[in-house]
Amino acid sequence: MQIMDERVGGKPAGGADGSRSGGGPRPAALDMVAGGSPLTIRGGTVTDDPDQAGQRAAGEVGIHWLQGSFPAEAVDQVRDLVASFFPVAEWEDQDKGFHLYDRAAELQPVGVHVFTDSTRERSESMHGGRACLRVPGEACDRLAGDEWLALLRGLAAVAGWRCTRVDVAWDDHERIIAPWQVVEWAERKAFMGYRVWEHRAPRKWDGERLGDQVNFGRRGEDGGGTFLRIYDKALESEGVIDAVRWEAEFSKVHALQVGQALGQCATVEAFGAMMGMLVGGAIEFRVYEGTHGHRMRGERPEFWERIVERLGKVKVRIKRAKRTLEQTKEWIELSVASSLRMVQDAIGEEDCWAWLGQVVQDAQLREHHRAKVLDYVSNPNGWPSWARAG
């Protein structure tokens, strides 16, 4: 089959140079409150139509990817926990891995993976003594809302568990707006929360559309930890699910916050409301006039008002948390350590540390950097406790 990939909006958002830009500061996913009636959960999703059995009704929200790391010595604990939610599945050990792991266990037939290393020495050297759990969308759809709460709480009870990615998706069966129509608003820069966007609309040479997807933000190391994809699920699923899917992907520090918040929901209803908030809070659309700094004064377009109302959430004023030195260290561990390891493996440990030392020596501290250092200092000689000799 011959395919023509029609892209609008410049280069892919996943690239280092991105595509079209627009929008103001990124909305903080958890800086919002729920409004309207809470959604109710059925099966692996949340729906506002509890009387429609066996179908995915309009307004469905669910987790569609979960990934995290944990101490390697807790592998058996995590495997037993996850398997308890899939009673007919069995673990199969494999002599291959992923993310530089050389071993894996797959929970068949649901596709859940636990990635490990063959030796303790390799685990410590390659992954800091940590293993990885990955629960893909197919497995996510098999869990009911109360099971998701139990799984998240069980993982939180594993000492050292760290959520590194969680995707929350909403299936709009009303098809309030198509992805190609969202492009019109992106081209007008009538959105907030991301600097880049792209439109992917692959077609056959005869013009038949194979997909329709709009992405906001970047994924991976170049991304900010929040990525939104809006795509025609009917085209992607070949008609099985007739909906437009809004899927928010959280990684890095955002994944830690979102995973923790979801696991701390007191009820299934609160769990559903939280997921609706996360999808609706991943972006903001505004019709505005004037300068770049006045976008929040504009009105929401009609389609976005309908979606926000449907998701049962309202957004309050965003306050970005002040980053302390401890948070900066955590950000380096989550976002930079892997890149440094790549450089070390490429040029050798000695050259890597010599290069890194020179980079640090040449770096210039700004006032807010000095303020963080002073805030962290805990003794009269001006050095933080972790840097003192002896």
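Whatever comes next refers back to the structure up there.
Scope of this entry: the structure provided in the associated data block. Note that this is a predicted model, so its numbers are computed, not measured.

This part takes up the pairing of strand E5 (residues 60-71). The buried fraction of E5 amounts to twelve of the twelve residues, a majority that puts the element mostly inside the structure. Pairing geometry for E5 and strand E10 (residues 162-172), over nine bridges, is antiparallel. Within E10, the residue paired with Glu60 across the bridge is Asp171. Where E5 meets strand E9 (residues 130-135), six bridges bridge the pair, whose relative direction is antiparallel. If you follow Ser69 over to E9, its bridge partner there is Cys132.

Another point: the nonpolar core. If you look at the biggest cluster of nonpolar residues, it comprises 72 residues, and the most contacted ones within it are Phe216 and Trp246. No other element matches helix H8 (residues 268-280), which puts six residues into this core. If sequence neighbours within four positions are ignored, Trp246 has contacts with Val168, Ala169, Trp170, Ile177, Leu228, Arg229, Ile230, Val279, Phe285, Phe303, Trp304 and Ile307.

This brings us to the pattern of salt bridges. Under the defined criterion, the tally for this structure stands at 24 salt bridges. Ionic pairing is found between Glu198 and Arg200, a salt bridge with its closest N-O pair at 3.2 Å. On the basis of relative accessible area, Glu198 is assigned to the buried category, the value being 2%. What makes Arg200 partly exposed here is its relative accessible area of 31%. Where Glu284 meets Arg300, a salt bridge forms, and the shortest distance between an N and an O atom there is 3.0 Å. Note that Glu284 is positioned in strand E16 (residues 284-285) and Arg300 in the loop between E16 and helix H9 (302-311), a separation of 16 residues in sequence. The network of salt bridges with common partners includes Arg165, Asp167, Asp171, Arg219, Arg229, Arg245, Glu247 and Glu249.

Looking now at empty space enclosed by the protein. Empty pockets left among the atoms are what a rolling probe the size of a water molecule brings to light. Tallied over the full model, the rule gives one cavity of 30 Å³ or more. Size it by volume and the largest cavity reaches roughly 40 Å³. The wall of the largest cavity is formed by Arg218, Arg219, Gly220, Gly223, Gly224, Gly225, Thr226, Phe227, Glu249, Phe250 and Ser251. Contributing elements (two or more residues each) for the lining of the largest cavity: strand E14 (226-232) and strand E15 (244-251).

Moving on to helix H5 (residues 179-187). Where H5 is concerned, the buried positions are Pro179, Val182, Val183, Trp185 and Ala186. The buried residues of H5 occupy an angular sector of 165° when projected down its axis, which confines them to one face. Looking one or two residues past H5, Lys189 carries a phi angle of roughly 55°, positive in sign.

Next up on the list: the environment of Ala72. Relative to the helices and strands, Ala72 is located in the loop between E5 and helix H1 (75-83). Relative accessible area serves as the criterion here: at 28%, Ala72 is assigned to the partly exposed category. With 51 residues separating them in the primary sequence, Ala72 and Ser123 have C-alpha atoms 7.7 Å apart. Those residues within four positions of Ala72 in sequence are excluded, and the remaining contacts are Ser123, Gly129, Arg130 and Ala131.

The next point concerns the side chain of His127. Examined against the element boundaries, His127 turns out to sit in helix H2 (residues 120-127). At 2.8 Å, the side chain of His127 forms a polar contact with the side chain of Asp117. Residues contacting His127, with those up to four places away along its chain left out, are His99, Leu100, Tyr101, Asp117 and Arg122.

So, about the packing of aromatic side chains. Inspection of the entire model under this criterion finds eleven aromatic pairs. For the pair Phe98 and Phe115, a centre-to-centre distance of 5.9 Å together with 40° between the ring planes defines the contact as tilted. One end of the pair, Phe98, is in the loop between strand E6 (90-94) and strand E7 (103-108); the other, Phe115, is in strand E8 (residues 112-116), with 17 residues separating them in the sequence. Under the relative-accessibility criterion, Phe115 is labelled buried at 3%. Aromatic pair Tyr101 and Phe115: ring centres 6.4 Å apart, planes at 20°, arrangement stacked.

What counts as what
Residues numbered from 1 in each chain as written. Predicted model: local features only at pLDDT ≥ 70, side-chain atom pairs only at ≥ 80, totals over all residues. Heavy atoms only, no water. Buried < 20%, exposed > 50% of the residue type's maximum accessible area, 1.4 Å probe, protein only. Helix = DSSP H or I, 4+ residues; strand = E, 2+ residues; numbered from the N terminus. Pairing = 2+ DSSP bridges. Core = buried A, V, L, I, M, F, W, Y, C linked by side-chain atoms within 4.5 Å. Contact = heavy atoms within 4.5 Å. Salt bridge = Lys/Arg side-chain N within 4 Å of Asp/Glu carboxyl O. 1 Å grid on protein atoms, 1.4 Å probe; cavity = no way out; pocket = protein on both sides within 12 Å on 5 of 7 lines; lining within 4 Å. Points joined across faces, edges and corners; volume = space filled by probe spheres on them. Arc of directions from axis to C-beta. Polar contact = N/O pair within 3.5 Å; in protein donor to acceptor, adjacent residues only side chain to side chain. Phe/Tyr/Trp six-rings, centres within 6.5 Å; stacked < 30°, edge-to-face > 60°.

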